[in-house]
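Examining the three-dimensional arrangement
For reference, the chains in residue letters:
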Amino acid sequence: LKYASSLRRMLQSVMGSFVSLFWAFSLLVFVFYLFSIVTVQGMINFLDSDKGALADDQLREDVRRYFGSVPQAMMTYHMATSGGNDWGQYFDVLAATGRQNAAGLF
């Protein structure tokens, strides 16, 4: 019975922390969403500008692959922050499109 009481207390603590976990996850998704909207808009402006028209094909493909839509940009930010991919490869793409876009990664 001594162990059942300890187990019950631990389970209640874990269950009680789910609300905090939900709000932390929601805030993280919201931050990724906001940064993704700003980044995608910056990428659209870059591709529509003269600088984007003169960019090489590899850069334009990378921009579309990593930041072509809001869900793609959210996944890119998630992978950069969680260790899925090195943030340096995304920074290189953003830096090639302009300093204001690269500043969004930080």
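**Overview of the overall build of the chain**
What the chain contains, in helices and strands, is seven helices and zero strands. Ordering the α and β elements of the chain from the N terminus gives α-α-α-α-α-α-α. Relative to its length of 106 residues, the chain is extended, with a C-alpha radius of gyration of 20 Å against a globular reference of 13 Å. When its C-alpha atoms are laid out on the principal axes, the chain stretches across 75 × 20 × 20 Å. Burial statistics for the chain: of 106 residues in total, 26% are counted as buried. Pairs at least 24 apart in sequence give 55% of the contacts found in the chain among residues at least 6 apart. Side-chain charges of the chain comprise 8 positive and 8 negative groups, with the mean position of each set lying 22 Å from the other.

**Comments concerning a nonpolar patch on the surface**
A cluster of nonpolar residues, Leu27, Phe30, Val31, Tyr33, Leu34, Phe35 and Ile37, forms a patch on the protein surface that exposes about 620 Å² of accessible area. The topology assignment puts leucine 27 in helix α2 (residues 18-48).

**Re the packing of aromatic side chains**
Summed over the entire model, instances satisfying the criterion amount to six aromatic pairs. Between phenylalanine 35 and tyrosine 77 the ring centres are 6.3 Å apart and the planes differ by 70°, which places this aromatic pair in the edge-to-face class. Within this pair, whereas phenylalanine 35 is found in helix α2, its partner tyrosine 77 is found in helix α5 (residues 70-82), the two being separated by 42 residues in sequence. With 4.9 Å between their ring centres and 85° between their planes, tyrosine 66 and tyrosine 90 make a pair best called edge-to-face. In this pair, tyrosine 66 is assigned in helix α4 (residues 57-67) and tyrosine 90 in helix α6 (residues 87-97), connecting sequence segments 24 residues apart. Both residues of the pair, tyrosine 66 and tyrosine 90, belong to the buried class.

**Focus: the packing of α2 against α5**
At a closest axis distance of 8 Å, the pairing of α2 and α5 adopts a crossing angle of 120°. Between α2 and α5, the angle falls in the class oblique. The handedness of the crossing between α2 and α5 is right-handed. In contact with Val29, Phe32, Tyr33, Phe35, Ser36, Ile37, Thr39 and Val40 of α2, α5 contributes Val70, Ala73, Met74, Tyr77, His78 and Thr81. Looking at the contact of α2 with α5, its residues break down into 10 nonpolar, four polar and no charged.

**Focus on the pattern of salt bridges**
A complete count under the given rule lists two salt bridges for this structure. Here arginine 60 makes a salt bridge to aspartate 57, at a shortest N to O gap of 2.3 Å. With a gap of three residues between them, arginine 60 and aspartate 57 both fall in helix α4, about one helical turn apart.

The rules we used
Along every chain, residues carry numbers that run from 1 in the direction the sequence is written. Per-residue local features are limited, in this predicted model, to residues with pLDDT of at least 70; the limit for side-chain atom pairs, both in listing and counting, is 80 or more; totals at the level of whole chains, interfaces and linings are taken over all residues. Side-chain numbers here rest on the full set of heavy atoms in the structure, without hydrogens or water. For the purposes of this entry, the term helix denotes a DSSP run of H or I that reaches at least four residues, the term strand denotes a run of E that reaches at least two, and both are numbered from the N terminus. Computation of the radius of gyration draws on C-alpha atoms, with the globule rule given as 2.2 Å multiplied by the number of residues to the power 0.38. The cut-offs for exposure are 20% and 50% of the maximum accessible area for each residue type, with area from a 1.4 Å probe on protein chains only; residues under the lower value are buried, those over the upper are exposed, and the others partly exposed. By definition, residues are in contact when any of their heavy atoms lie within 4.5 Å. A residue counts as positive if it is Lys or Arg and as negative if it is Asp or Glu; His and the chain ends are not included. A charge is said to be at NZ when it belongs to Lys, at CZ for Arg, at CG for Asp and at CD for Glu. What makes a patch is a set of residues exposed beyond 30% relative accessible area and free of salt bridges, joined within 9 Å when like-charged and within 5 Å when nonpolar (Val, Leu, Ile, Met, Phe, Trp, Tyr). Each accessible area value is a Shrake-Rupley result obtained with a 1.4 Å probe; residue values ignore everything except the protein chains displayed when judging cover. We count a salt bridge whenever a side-chain nitrogen from Lys or Arg sits within 4 Å of a carboxyl oxygen from Asp or Glu. Pairing of aromatic rings covers Phe, Tyr and Trp, the last counted by its six-membered ring, and requires centre-to-centre distances within 6.5 Å; plane angles under 30 degrees mean stacked, over 60 mean edge-to-face, and any other angle means tilted. Only the contacting stretch of a helix is used when fitting its axis, a line to C-alpha atoms as for every element, and angles between N-to-C directions run 0 to 180 degrees. Roughly parallel refers to an angle under 35 degrees, roughly antiparallel to one over 145, roughly perpendicular to one between 65 and 115, and oblique to any angle outside these ranges. Left-handed is the label given to a crossing in which the near helix is rotated counterclockwise from the far helix by less than a right angle, and right-handed is the label when the rotation is clockwise. The nonpolar class holds Ala, Val, Leu, Ile, Met, Phe, Trp, Tyr, Cys and Pro. Asp, Glu, Lys and Arg form the charged class, and all remaining residues, Gly among them, are polar.

Note that every value here comes from positions in space, so none of it alone points to a role or purpose.
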